[in-house]
Amino acid sequence: MKTAYTCFCTDVIHEGHLNILAHAKAYGKVIVGALSDEALIRYNKFPTLPLAERIRLYESLPGVDRVVVQHSMQYDDILKELKPDYVIHGDNWRTGPESALRAGVLEGLAAYGGELIEVPYTYNEKVKKIDSQLKEKLAMPEYRRKRLRQLIEICPIVKVIEAHSGLTGLIAEKTVVENGGKLDQFDAMWVSSLCDSTAKGKPDIELVDMSSRLRTIDDIMEVTTKPIILDGDTGGHTEHFVYNVRTLERMGVSAVIIEDKKGLKKNSLFGTEVEQTQDSIEAFSAKIAAGKRAQLTDDFMIIARIESLILEKGMDDALARAAAFVSAGADGIMIHSRKKDPAEILAFCDAFRAADKKTPIVAVPSSYNVITNEELAAHGVNIVIYANQLTRSAFPAMQKTAEDILRYHRAKEVDDRLMPIKEIITLIDEL
Ligand code: SPV
Ligand code: MG
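Residues numbered from 1 in each chain as written. Chains lettered and ligands numbered in written order. Predicted model: local features only at pLDDT ≥ 70, side-chain atom pairs only at ≥ 80, totals over all residues. Heavy atoms only, no water.

Caption draft 1: Examining the packing of helix α13 (residues 315–327) against helix α14 (residues 343–355) more closely. Relative orientation of the contacting elements α13 and α14 amounts to 45°, with a least axis distance of 10 Å. Classified by the interaxial angle, the pair formed by α13 and α14 is oblique. In the crossing of α13 with α14, the sense of the turn from one axis to the other is right-handed. Seen from α13, the contacting residues are Met315, Ala318, Leu319, Ala322 and Val326; seen from α14, they are Glu344, Ala347, Phe348, Ala351 and Phe352. Across the contact of α13 with α14, the residue classes break down as 9 nonpolar, no polar and 1 charged. (Axes fitted to C-alpha atoms, helices over the stretch in contact; angles between N-to-C directions. Helix = DSSP H or I, 4+ residues; strand = E, 2+ residues; numbered from the N terminus. Parallel < 35°, antiparallel > 145°, perpendicular 65-115°, else oblique. Left-handed = near helix turned anticlockwise from the far one by under 90°. Contact = heavy atoms within 4.5 Å. Nonpolar A, V, L, I, M, F, W, Y, C, P; charged D, E, K, R; others polar.)

In structure tokens:
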């Protein structure tokens, strides 16, 4: 008997899936692939059901003969292994980034004479509603908050991009690229103090108060589902920090990163060019411990940011602080540097990892931007934050447009670098 293979990447079955199964059944024995967690998150289809439950769900569907796990979104390995006579898929992957997957399937099938059967994609009001309910579920605090810890477990490195508004949140949420047949996207968002302040035309000195920062987070949360890491600056007074931990946790923020500085905080990228004071190990440890006592769930993370390399206090100081802050309860360590050469960051990571295999390390390669995600991961980094590149790319683009409109007394000359009106008005999903 012939075999028909289809891959599911969903937690909820709707008539579209049943339609695919009915078509598959007509071609032979039906094998359903359950896409692994790791592959699902690259699709921004973060699982709300564990893989074992998804498998049980698919097994219970009419006409399914067997369920297997598909470990990658590309079909190469599964086709080699199963050699199904047919692959059944909706016809909605002919354009866009997913067309690369389709090309891979056609190539894989051609190698042994298999055939691709495309079924008209079901997209009616009911299916649309199920899709949006699934997305809404991911945006709920209890799902969003724990997602960062889940990502750290699943991903070789969690990729984070700065967001400071609903619009930049949408970029973080929706940007997908196809690279070598694989789809990729950011995993989470960083609400940077530098960019949140800059967007408000204010300096990065903890002048933008927590109420305003929470408002920014809420704007981002309104239109996204991905987890949020807040740049909490110094955390402020411990007596205030504990209340803020509760608020952030309740909102569904996944982590706050606080830096071991005190007094008037200036941006780290100024380094020793401006006066900045590092907090004592004891006082900062006490702040972390108080924050950890205040939180109510096991999901929320308080990550300690070490400024020793920024303030040129040396590697030993950075490592001693890292160990102390982990003992105080920190759920992760962010190490920062403003050198162009990543050597000191990598030396820190190697030494820290030799002593501590588990505590997540966060890196922010703004200055040492030559390093890739993969190189950081190879030195034990778990989270990489692209902290300010959206703001820094938008500002010169906007400035140039403003200058050119003044220069030419009209907007025609700038038109070819503008997003079409139609695209900008359809960027935001309608309810
Ligand atoms: C931020 O993005 O606000 C940061 C990172 O804290 S840095 O600007 O490099 O200090
Ligand atoms: Mg900051």
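Caption draft 2: Broad picture of the site of ligand 1. Residues in contact with ligand 1, as listed here, are Trp190, Ser192, Ser193, Leu194, Asp231, Asn267, Ser268, Leu269, Arg305, His336 and Ala387. A distance of 3.1 Å separates an oxygen atom of ligand 1 from a polar side-chain atom of Trp190. For ligand 1, an oxygen atom lies 2.8 Å from a polar atom in the side chain of Ser192. When ligand 1 is considered free in solution it has 280 Å² of accessible area, and contact with the protein chains removes 99% of it. When the residues that make up the shell around ligand 1 are grouped by side-chain class, the tally is 4 nonpolar, 5 polar and 2 charged. (Near = heavy atom within 4 Å. Polar contact = N/O pair within 3.5 Å; in protein donor to acceptor, adjacent residues only side chain to side chain. Areas by Shrake-Rupley, 256 points an atom, 1.4 Å probe, with all protein chains shown as cover.)

Caption draft 3: The arrangement of the packing of aromatic side chains in detail. One pass over the full model with this rule turns up 8 aromatic pairs. Judged by centre distance (5.7 Å) and plane angle (20°), the rings of Tyr121 and Tyr123 are stacked. The exposure class of Tyr121 is partly exposed, given its relative accessible area of 38%. What makes Tyr123 partly exposed here is its relative accessible area of 46%. Each residue in the set Tyr5, Tyr75 and Trp93 is aromatic and connected to the rest through ring pairs, giving one cluster. The ring centre of Tyr112 lies 5.9 Å from the NZ or CZ of Lys83, which sits over that ring. (Phe/Tyr/Trp six-rings, centres within 6.5 Å; stacked < 30°, edge-to-face > 60°. Buried < 20%, exposed > 50% of the residue type's maximum accessible area, 1.4 Å probe, protein only. Lys NZ or Arg CZ within 6 Å of the ring centre and 35° of its normal.)

Caption draft 4: Structural detail: the coordination of the magnesium ion (ligand 2). The protein atoms that coordinate the magnesium ion (ligand 2) are Ser193 (OG) and Asp231 (OD), at distances of 2.0 to 2.2 Å. Linking Ser193 in helix α9 (residues 193–199) with Asp231 in strand β10 (residues 228–231), this pair joins segments that are 38 residues apart in sequence. When its relative accessible area of 4% is taken as the criterion, Asp231 is described as buried. (Donors = N, O, S within 2.8 Å, 3.2 Å for Na, K, Ca; no water.)

Caption draft 5: Looking closely at the sheet that holds strand β1 (residues 3–8). Strand order in the open sheet formed by 5 strands is β3-β2-β1-β4-β5, and the pairing between neighbours is parallel. Two strands bound the open sheet, and with one partner strand each, they are β3 (66–70) and β5 (115–119). Strand-to-strand twist of the sheet, defined as the mean angle between neighbouring strand axes without regard to direction, takes the value 30°. Its contacts with the sheet put helix α3 (residues 51–59) on β1, β2 (29–35) and β3, and the angle it makes with β2 is roughly 160°. (Pairing = 2+ DSSP bridges.)

Caption draft 6: Local environment of the side chain of Thr6. Within the secondary structure layout, Thr6 lies in strand β1. Among the residues examined, Thr6 registers a relative accessible area of 3% and is labelled buried. Leave out the neighbours within four places in its chain, and Thr6 touches Ile20, Leu21, Ile31, Val32, Gly33 and Ile88.

Caption draft 7: Broad picture of the domain arrangement of the chain. When the domains of the chain are assigned, the result is domain 1 (3–129), domain 2 (140–387) and domain 3 (393–427). Here domain 1 and domain 3 have C-alpha centroids that lie 42 Å from each other. (Domains from an automatic or database assignment.)

Caption draft 8: Spotlight on the nonpolar core. One finds Ile217, Val253 and Leu376 to be the most contacted residues of the largest nonpolar core, which totals 47 residues. Sorting elements by how many residues they give to this core places α14 first, with 5 residues. Ignoring any residue separated from it by four or fewer positions in sequence, one finds Ile217 in contact with Val191, Ile228, Leu230, Leu248, Met251 and Val253. Counting residues in each nonpolar core, the second largest holds 22 residues, with Phe46, Val160, Met301 and Ile385 among its members. (Core = buried A, V, L, I, M, F, W, Y, C linked by side-chain atoms within 4.5 Å.)

Caption draft 9: Unusual backbone geometry, seen in detail. Look at Asp233: it is not a glycine, yet its phi comes out positive at around 50°. Mapping Asp233 onto the fold places it in the loop between β10 and α11 (238–251). The class for Asp233 is buried, based on a relative accessible area of 5%. A positive phi angle, close to 55°, is found at Glu312, a residue other than glycine. With respect to the secondary-structure elements, Glu312 resides in the loop between β14 (301–306) and α13.

Caption draft 10: Summary view of the sheet that holds strand β11 (residues 255–259). One closed barrel accounts for 8 strands, arranged β6-β9-β10-β11-β14-β15-β16-β17; its pairing is parallel. With direction set aside, neighbouring strand axes in the sheet form an average angle of 25°. Here 3 bridges tie strand β9 (residues 188–191) to β10, and the two strands are oriented parallel to one another. Following the sheet pairing, Met189 is matched in β10 by Ile228. Across the sheet, α14 touches β15 (332–335) and β16 (361–363), and the angle it forms with β15 is around 160°.

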